[in-house]
Amino acid sequence: MDVSMTLWVLTVLGLCALIGADFLIGRKPHDVSVKEAGIWTVVWIVLAVLFGVGLMVFGEGRAAGEFFAGYLTEKSLSVDNLFVFVLIMAKFAVPSHLQQRVLLIGVLIALVLRAVFIAAGAAIIASFSWVFYLFGAFLIYTAWKLIQEARSGEEEDEFEENRLLRSVEKKFGVADRYHGTKLFIRAGGKRVMTPLMVVMLAIGTTDILFALDSIPAIFGLTQDPYIVFTANAFALMGLRQLYFLIGGLLKKLVHLSYGLSVILGFIGVKLVLHALHESGVHVPEISILFSLSVICGVLVVTTVTSLIASRKQAAGEQPEKAAEKAGVEG
């Protein structure tokens, strides 16, 4: 897709306007209700759909298909990120009325960092076509690792600060409590960060780890930097509302890791086939329509089987709880 500099500028300005509106609407710290989160989740999804339809009308059908495939992939991977966000919020004991501010700034930091990753990835792909072999192999390895972790039942129950975050805390110092929405205060004649600033940095910088698999994954669906960037932007910008909407449902998505591993493995194979094709080897290439169908199918199956498994588990726990209650009363 041929994207002019004017369109790039208009797109970035449009995204900035949406982020600004989101910030103004949620500028007053408050507890986000399920209804509010649901409404804004729908709004962001509708905006993404309208953008994809716009690509289809004013651009081309293939670009729209690549956008929707990339958006769904990034969205599904971002749901997995919410598990870590929950751990971060718990570790730093973020007050409930400040959590939306934390997520807004944290996601904004993540979006800027991903833009850098996307620019670097596009430059590398343009210069070295063999990098598709590396991306494909990495995604297949990541998929296998996800399956192994899911089968072993390993779950991350504690968040560990990365080295960059620890060095920032050491340099600036951190206040002993939250001070509303303030990011810096003066304590003992020294300017120090508040815990709110620390947790914002934690969410923003932790996303770098998530980008290691999500960026190669979307480059496996499209090599157009414009589509890669916009799909990431729309997926991330609706993440804050999704956190409050499905935060309590995350534990019910017990098969999410399996679904993500299938998607990443599939895209990894697609990348390897594309690399072989670029090298002159006659191999079949996977179409974007087939990719979109596989991604949608995996997400639907994963969600349905997860909810069924969670319901069975809950039903099995009820007799045990009843027996324990009877034992206590007896």
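How each quantity is defined
Residues numbered from 1 in each chain as written. Predicted model: local features only at pLDDT ≥ 70, side-chain atom pairs only at ≥ 80, totals over all residues. Heavy atoms only, no water. Helix = DSSP H or I, 4+ residues; strand = E, 2+ residues; numbered from the N terminus. Rg over C-alpha atoms; globule rule 2.2 N^0.38 Å. Buried < 20%, exposed > 50% of the residue type's maximum accessible area, 1.4 Å probe, protein only. Contact = heavy atoms within 4.5 Å. Areas by Shrake-Rupley, 256 points an atom, 1.4 Å probe, with all protein chains shown as cover. Lys, Arg positive; Asp, Glu negative; His and termini not counted. Charge placed at Lys NZ, Arg CZ, Asp CG, Glu CD. 1 Å grid on protein atoms, 1.4 Å probe; cavity = no way out; pocket = protein on both sides within 12 Å on 5 of 7 lines; lining within 4 Å. Points joined across faces, edges and corners; volume = space filled by probe spheres on them. Core = buried A, V, L, I, M, F, W, Y, C linked by side-chain atoms within 4.5 Å. Expected span 1.5 Å × (residues − 1). Arc of directions from axis to C-beta. Patch = residues over 30% accessible without salt bridge, like charges linked within 9 Å, V, L, I, M, F, W, Y side chains within 5 Å. Salt bridge = Lys/Arg side-chain N within 4 Å of Asp/Glu carboxyl O. Phe/Tyr/Trp six-rings, centres within 6.5 Å; stacked < 30°, edge-to-face > 60°. Lys NZ or Arg CZ within 6 Å of the ring centre and 35° of its normal.

Caption draft 1: Examining the overall build of the protein chain more closely. Regarding its fold elements, the protein chain presents 11 helices and two strands. Counting helices and strands in the order they occur from the N terminus, the protein chain gives α-α-α-α-α-α-β-β-α-α-α-α-α. For a compact globule of 330 residues, the expected C-alpha radius of gyration is about 20 Å, and the protein chain comes in at 22 Å, within 12% of that figure. With respect to the three principal axes, the spread of C-alpha positions in the protein chain is 70 × 60 × 35 Å. Taken over 330 residues, the protein chain has a buried fraction of 44%. Within the protein chain, contacts between residues separated by at least 24 positions form 79% of all contacts whose residues are at least 6 apart in sequence. Split by element, the accessible area of the protein chain, about 17,300 Å² in all, is 66% carbon and sulfur. Seen as two clouds, the 27 positive and the 27 negative side-chain charges of the protein chain have centres 9 Å apart.

Caption draft 2: Local environment of the layout of surface pockets. Here the second largest pocket is characterised by a volume of approximately 450 Å³. Along its surface, the second largest pocket is lined by 17 residues, and Val-79, Ile-246, Leu-253, Leu-299 and Thr-303 are the ones closest to its centre. Listing elements by their share of the lining of the second largest pocket, those giving two or more residues are helix H2 (34–58), helix H3 (61–91), helix H9 (239–246) and helix H11 (288–329). Sort the elements by how many residues they give to the lining of the second largest pocket and H3 lands first, with five residues.

Caption draft 3: Region of interest: the nonpolar core. Counting 84 residues, the largest nonpolar core has Phe-67, Phe-85, Ile-88, Phe-92, Val-94 and Val-102 as the members making the most contacts within it. Examining the composition of this core, we find that 14 residues originate from one element, helix H7 (residues 195–219), more than from any other. Look past the residues within four positions of Phe-67 in its chain and what remains in contact with it is Ala-48, Phe-51, Gly-52, Leu-55, Ile-227, Thr-230, Ala-231 and Phe-234.

Caption draft 4: Inspection of the side chain of Arg-114 at higher detail. In this structure, Arg-114 sits in helix H4 (residues 99–127). Once residues lying within four places of it in the same chain are set aside, the contact partners of Arg-114 are Glu-74, Asn-81, Asp-207, Phe-210, Ala-211, Ser-214, Ile-215, Asn-232 and Leu-236.

Caption draft 5: Highlighting helix H5 (residues 131–152). Between its terminal C-alpha atoms H5 stretches 32 Å, which fits the 32 Å expected from 22 residues at 1.5 Å a residue. Those residues of H5 not exposed but buried are Val-131, Phe-132, Phe-135, Gly-136, Leu-139, Thr-142, Ala-143 and Leu-146. One face of H5 carries all of its buried residues, which in axial projection span an arc of 140°. Within H5, the exposed residues directed more than 90 degrees away from the buried face are Leu-134, Tyr-141, Trp-144 and Arg-151. Summarising the contacts, the buried residues of H5 are in contact with H4, H7 and helix H10 (256–278).

Caption draft 6: The arrangement of the environment of Leu-82 in detail. If you trace the backbone, Leu-82 turns up in helix H3. Leu-82 sits in the buried class, given a relative accessible area of 1%.

Caption draft 7: View of a nonpolar patch on the surface. A cluster of nonpolar side chains, contributed by Ile-45, Val-49, Val-53, Met-56, Val-57 and Phe-58, occupies part of the molecular surface with about 590 Å² of accessible area. The exposure class of Met-56 is partly exposed, given its relative accessible area of 47%.

Caption draft 8: Structural detail: the packing of aromatic side chains. Under the defined criterion, the tally for this structure stands at 11 aromatic pairs. Their ring planes at 65° and their centres at 5.6 Å tell us that Phe-67 and Phe-68 sit as a pair that is edge-to-face. Here the aromatic rings of Phe-67 and Phe-234 are separated by 6.1 Å at their centres, their planes lie at 90°, and the arrangement is edge-to-face. Pair noted here: Phe-67 is in helix H3 and Phe-234 is in helix H8 (residues 225–237), with a separation of 167 residues, a long-range link. Each member of the pair, Phe-67 as well as Phe-234, is classed as buried. Taken together through their ring pairs, the aromatic side chains of Trp-8, Phe-51, Phe-67, Phe-68, Tyr-71, Tyr-226, Phe-229 and Phe-234 make up a single cluster. One cation-aromatic arrangement involves Arg-191 over Phe-184; the distance from NZ or CZ to the ring centre is 4.3 Å.

Caption draft 9: Seen up close, the pattern of salt bridges. This model, assessed by the stated rule, comprises two salt bridges. Across the pair Glu-74 and Arg-114 runs a salt bridge whose closest N-O atoms are separated by 3.0 Å. Of this pair, Glu-74 sits in helix H3 while Arg-114 sits in helix H4; the two residues are 40 residues apart in sequence, bridging distant segments of the chain. Glu-74 gets classed as buried once you look at its relative accessible area, which sits at 3%.

Caption draft 10: A look at the environment of Ala-48. With respect to the helices and strands, the residue Ala-48 is situated in helix H2. Using a relative accessible area of 1% as the deciding quantity, one classes Ala-48 as buried. Distance in space between the C-alpha atoms of Ala-48 and Val-199 is 28 Å, their sequence separation being 151 residues. Those residues in contact with Ala-48 that sit more than four places away from it in its chain are Phe-67, Phe-68, Tyr-71 and Phe-234.

Caption draft 11: Structural view of the environment of Ala-211. With respect to the helices, strands and loops of the structure, Ala-211 is situated in helix H7. A sequence separation of 12 residues divides Ala-211 from Val-199, and the C-alpha atoms of the two residues are 19 Å apart.

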